[in-house]
2 protein chains.
Amino acid sequence: MSKIVTGFSKLSKEEKINWLANNYFSDIEDGITTLNQYISSDKKLQQLHDEFIENTISNFYVPYAIAPNFIINGKPYAIPMAIEESSVVAAASLVAKFWSERGGFHAKVISTIKVGQVHFMYEDSFEKLQLYFNKIKSQLLNATELITKNMRKRGGGIIDIELLDKTTGMDNYYQLYVTFETADSMGANFINSCLEAIARTFNNNEINIVMSILSNYVPECLVRAEVTCKIEEFFDDKPKYYAEKFIQAVQIANVSPYRAVTHNKGIMNGIDAVVLATGNDFRAVAAGAHAYASRSGKYKSLTNAKMENGNFYFWIEIPLSVGTVGGLTKLHPLAKLSLEILQNPSAEELMQIVAVAGLAQNFAALKALTTTGIQQGHMKMHLMNILNQLEANLHEKEIITNRFKGKPVSHNAIAYALHKLRTKA
Amino acid sequence: MSKIVTGFSKLSKEEKINWLANNYFSDIEDGITTLNQYISSDKKLQQLHDEFIENTISNFYVPYAIAPNFIINGKPYAIPMAIEESSVVAAASLVAKFWSERGGFHAKVISTIKVGQVHFMYEDSFEKLQLYFNKIKSQLLNATELITKNMRKRGGGIIDIELLDKTTGMDNYYQLYVTFETADSMGANFINSCLEAIARTFNNNEINIVMSILSNYVPECLVRAEVTCKIEEFFDDKPKYYAEKFIQAVQIANVSPYRAVTHNKGIMNGIDAVVLATGNDFRAVAAGAHAYASRSGKYKSLTNAKMENGNFYFWIEIPLSVGTVGGLTKLHPLAKLSLEILQNPSAEELMQIVAVAGLAQNFAALKALTTTGIQQGHMKMHLMNILNQLEANLHEKEIITNRFKGKPVSHNAIAYALHKLRTKA
C-alpha cells in the first residue's frame, strides 16, 4: 500500500474504502464504522447516490428541515431547507410567521434570459469577421436543431446569437454571445451542447476557438421579492426607531463591503439551503449572486429597505438560475420530494420561493442584529451542540442551559460546568 | 389541518412529518417512505444530526467521495469531497495525478487575520469621538478578557481595535474595526461574542450601536497555491500551443466578468466540496471569495497563469476562513473523519488543501475547455444518471453508452433509444 494509487476509480467501493483506511485513517476500524454508518442499507438507493458522482464512498448528511408558514403571492408554502448551520431554519420559520400576519411575501420574476459564450481569437479586421458572422449565422442556428428541438417544444431555445468585439480588453479577442430561454430547466447541459455545436460550425482557419461555455452570470435571469407593512406593525416597542435602525443596517451594507459580504452571506444561507434541497447547483447560484452584488464596481447589499408614506418596505433583487426539471432535481429522491412539498413549482415559481428564502434570512439577521444581537440565538444552538458532543443527558442539558442563559458560551466553560455538575452529583 | 401552523417547532419529529405529509405531499405514503429511507436507524446518531439545526425531518444525502493522489508541499493527500455535481471529483483526481508527476502543488498561507466590526452612529465631532475611543480602548479589550482567555492560550485573540470614520459613505456612520487571530477555529462565535462585549462597553448616550458582527470578507486571511512545470511537460501534443490557449482562457476570465463568474464557480466546486466535507461554512467562504474576485472594481478570475523562462505557472490567491476545531468540524462524525483523512491539519494547512482543491478544479475545467470541450466528460456522467433514472440494467447501460459516444445526450433521446432496445429484445 502507498499513499499514491493507480487505478483508484476502477476499484470497487469496498476496495476504495480499504485503500483509504489503510493509508489515511488513524483508527482503521473506527473510520470504517463511521463511513458505513452513513451508507444506506437499501442497496439500490445507495447505488443511485453513488453514481451521482465519482469515487463515492459514503453519504454526507446535511440536515434536512422544514420552515413552514411562508405566504408567497397569497399562497402558503412550507419550505424545505438542506443546511448544516444552526439558526437558519429557526430564523426562516419566525420570519415566515411574522410576515404571514402582515400580508406575506410578494415575488415576481423580472426576466429569465440565460447566457453562453463562444470565446475566440481572430487576427483580421472586425468588418471581415462581421461579414462572415452575418453569412454563417443561420447555419449556426441550424447546427443546434437537434439539441434545441425538445427545448423549443417546452417554450425555450436560443433567443439570439451576437458577435461581440472584445478587443479593448484583450488583443484579437471576440465572442459569440448567445442568449437562451431554458424553460423549467437550469439548462447548463443544454446551453453547453448548443455552444459547442455553434463553435464547431463557426470555426474556420482564421478563427481560433478558445472555449465554449455557459455563463453563470445571469443578471437578466432576475427575480424580485418584497415585504411591506405599516411602520407601526414593524415592531411592538418603538417601531419607527427599530425600522430606522433596520434601514441603517441595510445602508451600512451598501457603503461597507466588509459588512456587505456578511450581509449577503446571510442571504445565501437561506438561498443555498433551498437550492441544495431542490437538487440545484448552489455554487452556480452563489457565483452569479455575488458577482451581481459587485456590478456597480463596489460590492454591495443584495437587499434594500425604505420607509415611505407610513409604510416599511424591504426587498431583494437577485439573479437565480434554477431548474425544476433536469440535473438532479428529479433524480435525487429527496430533491424530488422537496419540489413536491413546494407544490411542483415551475422554474419561475422556484426562483420566487428561493428569493423569498433569502429575503427572509436577511430580515431575521438584521432584526436580530439591530435589537438583541446575533449571539443570543446562535449561542443557544451552539450550547446544545456542545452538550451533545459531551454526551450530556436531558437533565444535565436543562441545568446547563439555564445556567448559561445570556452568558458567553465556550466549549471549555461548558465542559467545566458539566464536569462540576457530574462530580457533585 | 391547515397549511399554516402554530407551534411547529414544538412538535415531535413524527408530528412534524405528519403535518407536512397531510398538507404538502401529493402521495402521503410515498413521501413518508422517501423521508424515512434517509433517516438513520441509529437513533443516537440521528438525534445528533437532528439537533444540528431546527425542524429537522431527515438527512439530505450529498455524495461523499475521495480524490486521491494530491501532493501538497511534498506530502501526499487523499482529499474528501462532499458534492452532488458529477465530474468534480473525477476532475480533481485526474489533475492530482497529473501534477503528482510534475512536482505536485505548492501552497502557503500569506496571512490569517480576521475582521469584525461594531457599526454605530454618532452625531458629534470625530475629534471628540477619538478622544473617547482612546480613553476607553483598554476597557474595550478588558471587556473581552473572559472570552479571549482560551483563545489566547491557543495563540489567538484580538490584534487591534481601530476607530474608523465612515462618514464619507453615510452621515454619522463610524466603525470599531477589530482584527483577530482565531488559531485553528474559524472563529465566528468567538469574534461575535467579543464584538458584542466591546459594543456593550463602548456604548454611551451619544453612541447609537447599529450592530456588531464579524465580516466574512477576509482579504487578509489569504492563501496561495500554485503548480509549475516545463512547458513541454504541459501536454503531450503541441504543449506550447495548448499552454498558450490555457493562458488565454485565464486572461479572458480577467477581461470578461460573464466568463469570470463561471471560471470562479468551477473553482468553488472544488473549494466548497472540501469546505462542506470538513464541516466548514461554504456560504461564508463563497461570499468572501467572490467579493475578493471583485476587489479591483471589476469581477475577475481568482487564478492566474503565465509562461516564463520555459516554464508554465498557474496559481490561485484566495481568502479562506476555515477551521479545524469548533463549529461542526468535530461534531459531525463524517466531518471529523474528513479531517482525519487529511491527517488532522491545522487551520493553515486546511487553507492550503482547500486552495489546492480549487486550483485543481480550475485546471481541469480550463484544460477540458481548451481541448476537447466540457461536454464530453459531463455528458458521460449525465448519461449514466439518466440511465439510472430509467432503471436500465448493466447490459442496456453498456449498449446505450457505446451508442451515444460523442453524440448529444438528452433525456428524450436516451429514453427513446432504450425503449427501442427493449421492444426489440
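Residues numbered from 1 in each chain as written. Chains lettered and ligands numbered in written order. Predicted model: local features only at pLDDT ≥ 70, side-chain atom pairs only at ≥ 80, totals over all residues. Heavy atoms only, no water.

All names here are of chain A. Checked against the element boundaries, alanine 260 lands in helix H9 (residues 257-277). Sequence separation between alanine 260 and leucine 302 is 42 residues; the distance between their C-alpha atoms is 8.4 Å. When near neighbours in sequence (up to four residues on either side) are disregarded, alanine 260 contacts Ala253, Tyr299, Lys300 and Ser301. (Helix = DSSP H or I, 4+ residues; strand = E, 2+ residues; numbered from the N terminus. Contact = heavy atoms within 4.5 Å.)

Residue and element names in this part refer to chain B. Here serine 185 shows up in the loop between strand S6 (173-181) and helix H7 (188-202). A relative accessible area of 8% means that serine 185 is categorised as buried. As for serine 185 and alanine 225, which are separated by 40 residues in sequence, their C-alpha atoms are 21 Å apart. Not counting residues up to four positions away in its chain, the partners in contact with serine 185 are Lys114, Met151, Arg154, Val322, Gly323 and Val325. (Buried < 20%, exposed > 50% of the residue type's maximum accessible area, 1.4 Å probe, protein only.)

On domain assignment, one finds that chain A holds domain 1 (8-46), domain 2 (64-104 + 225-371), domain 3 (114-214) and domain 4 (377-424). Its C-alpha centre places domain 1 of chain A at a distance of 38 Å from the equivalent point of domain 2 of chain A. (Domains from an automatic or database assignment.)

Glancing now at the sheet that holds strand S2 (residues 75-82) of chain B. Here four strands make up an open sheet; going across it, the order is S2(A)-S1(A)-S1(B)-S2(B) and the pairing antiparallel. The open sheet terminates on both sides in strands that have one partner only, identified here as strand S2 (75-82) of chain A together with S2 of chain B. Geometrically, the sheet is characterised by an average inter-axis angle of 30° between neighbouring strands, direction not taken into account. Note that strand S1 (residues 56-72) of chain B and S2(B) share seven bridges and pair antiparallel. What sits directly across from Phe70(B), in S2(B), is Tyr77(B). Along the sheet face, helix H4 (residues 88-100) of chain A touches strand S1 (56-72) and S2 of chain A and points at about 15° away from the line of S1(A). Strands S1 and S2 of chain A together with S1 of chain B of the sheet are contacted by H9(A), whose axis makes an angle of about 85° with S2(A). (Pairing = 2+ DSSP bridges. Axes fitted to C-alpha atoms, helices over the stretch in contact; angles between N-to-C directions.)

Opposite charge on two side chains allows them to pair when their charged atoms are near. The final tally for this structure, using the stated rule, is 36 salt bridges over all chains. Notably, a salt bridge pairs Lys306(B) with Glu308(B), separated by 3.3 Å at the nearest N-O pair. Assessed through its relative accessible area of 30%, Lys306(B) is described here as partly exposed. Taken together, the shared-partner salt bridges in this structure form one network comprising Glu84(A), Glu85(A), Lys265(A), Asp281(B) and Arg283(B). (Salt bridge = Lys/Arg side-chain N within 4 Å of Asp/Glu carboxyl O.)

Spatially, the four strands line up as an open sheet ordered S5-S6-S4-S7 (chain B), and their pairing is antiparallel. At either end of the open sheet lies a strand with only one pairing partner, and these are strand S5 (157-165) and strand S7 (207-215) of chain B. Neighbour-to-neighbour, the strand axes of this sheet turn through a mean angle of 15°, independent of strand direction. When strand S4 (residues 114-122) of chain B meets S7(B), the two strands line up antiparallel, connected through eight bridges. Note on S7(B): the bridge partner recorded for Gly116(B) is Leu214(B). In the packing of H9(A) onto the sheet, contacts are made with S4, S6 and S7 of chain B, and the angle to S7(B) comes to roughly 65°.

Turning to the interface of chain B and chain A, a few remarks are in order. Counting residues at the interface gives 144 residues for chain B and 144 residues for chain A. Carbon and sulfur atoms make up 63% of the area that chain B and chain A hide from each other, which totals about 12,500 Å². Counting across the chain B and chain A interface gives ten salt bridges. Across the salt bridge formed by Asp281(A) and Lys265(B), the nearest N and O atoms sit 2.7 Å from each other. At the junction of chain B with chain A, the criterion picks out 57 residue pairs in polar contact (both at pLDDT 80 or more). Counting residues per element, the side of chain B that touches chain A draws most heavily on S1(B), which supplies 14 residues. In terms of residue class, the side of chain B that touches chain A is built from 72 nonpolar, 52 polar and 20 charged. Inspection of the sheet shows S1(A) paired to S1(B) by nine bridges, in the antiparallel sense. Looking at S1(B), one finds that Ala65(A) is bridged to Thr56(B). (Buried area = accessible area lost by both parts, 1.4 Å probe. Polar contact = N/O pair within 3.5 Å; in protein donor to acceptor, adjacent residues only side chain to side chain. Nonpolar A, V, L, I, M, F, W, Y, C, P; charged D, E, K, R; others polar.)

Turning our eyes to something else, we now look at the packing of aromatic side chains. All names here are of chain A. The final tally for this structure, using the stated rule, is 55 aromatic pairs over all chains. Arranged with centres 6.0 Å apart and planes meeting at 85°, the rings of phenylalanine 234 and phenylalanine 363 form a pair that is edge-to-face. Of the two residues, phenylalanine 234 is situated in the loop between strand S8 (221-230) and helix H8 (239-255) and phenylalanine 363 in helix H12 (residues 347-369); the sequence distance between them amounts to 129 residues. Phenylalanine 363 shares its class with phenylalanine 234; the two are buried. Directly above the ring of phenylalanine 98 sits arginine 102, whose terminal nitrogen or CZ lies 3.7 Å from the centroid. (Phe/Tyr/Trp six-rings, centres within 6.5 Å; stacked < 30°, edge-to-face > 60°. Lys NZ or Arg CZ within 6 Å of the ring centre and 35° of its normal.)

This brings us to the relation of the copies chain B and chain A. For the pair chain B and chain A, the best superposition has an RMSD of 0.0 Å and corresponds to a rotation of 180° with a translation of 0.0 Å parallel to the axis. Such a combination of rotation and displacement between the chain copies is what one expects of a two-fold axis. Considering only C-alpha atoms, the part of chain B nearest the rotation axis is Gly297(B), at 2.1 Å. A shared interface surface links the copies, since 100% of the contact residues of chain B are contact residues in chain A too. (Least-squares fit on C-alpha atoms with pLDDT ≥ 70 in both.)

All names here are of chain A. On the surface, Arg403, Lys407, Lys420 and Lys424 cluster together to form a positively charged patch. Its place among the elements puts lysine 407 in the loop between helix H14 (394-403) and helix H15 (411-424). Under the relative-accessibility criterion, lysine 407 is labelled partly exposed at 48%. (Patch = residues over 30% accessible without salt bridge, like charges linked within 9 Å, V, L, I, M, F, W, Y side chains within 5 Å. Areas by Shrake-Rupley, 256 points an atom, 1.4 Å probe, with all protein chains shown as cover. Lys, Arg positive; Asp, Glu negative; His and termini not counted. Charge placed at Lys NZ, Arg CZ, Asp CG, Glu CD.)

Residues and elements named next belong to chain B. Summarising burial for strand S10 (residues 311-319): seven of the nine residues are buried, a large majority. As judged from the nine bridges shared by strand S8 (residues 221-230) and S10, these two strands associate in the antiparallel manner. Note on S10: the bridge partner recorded for valine 227 is phenylalanine 314. Bridge count for strand S9 (residues 303-308) against S10 is six bridges, and the pairing is antiparallel. Bridge pairing in S10 links lysine 306 to tyrosine 313.

This brings us to helix H1 (residues 13-24) of chain A. Between its terminal C-alpha atoms H1(A) stretches 16 Å, which fits the 16 Å expected from twelve residues at 1.5 Å a residue. Among the residues of H1(A), Lys13(A), Lys16(A), Ile17(A), Trp19(A), Leu20(A), Ala21(A), Asn23(A) and Tyr24(A) are the ones counted as buried. Its buried side turned inward, H1(A) meets helix H2 (28-37), helix H3 (43-50) and S1 of chain A together with S1, S2 and helix H11 (333-341) of chain B. (Expected span 1.5 Å × (residues − 1).)

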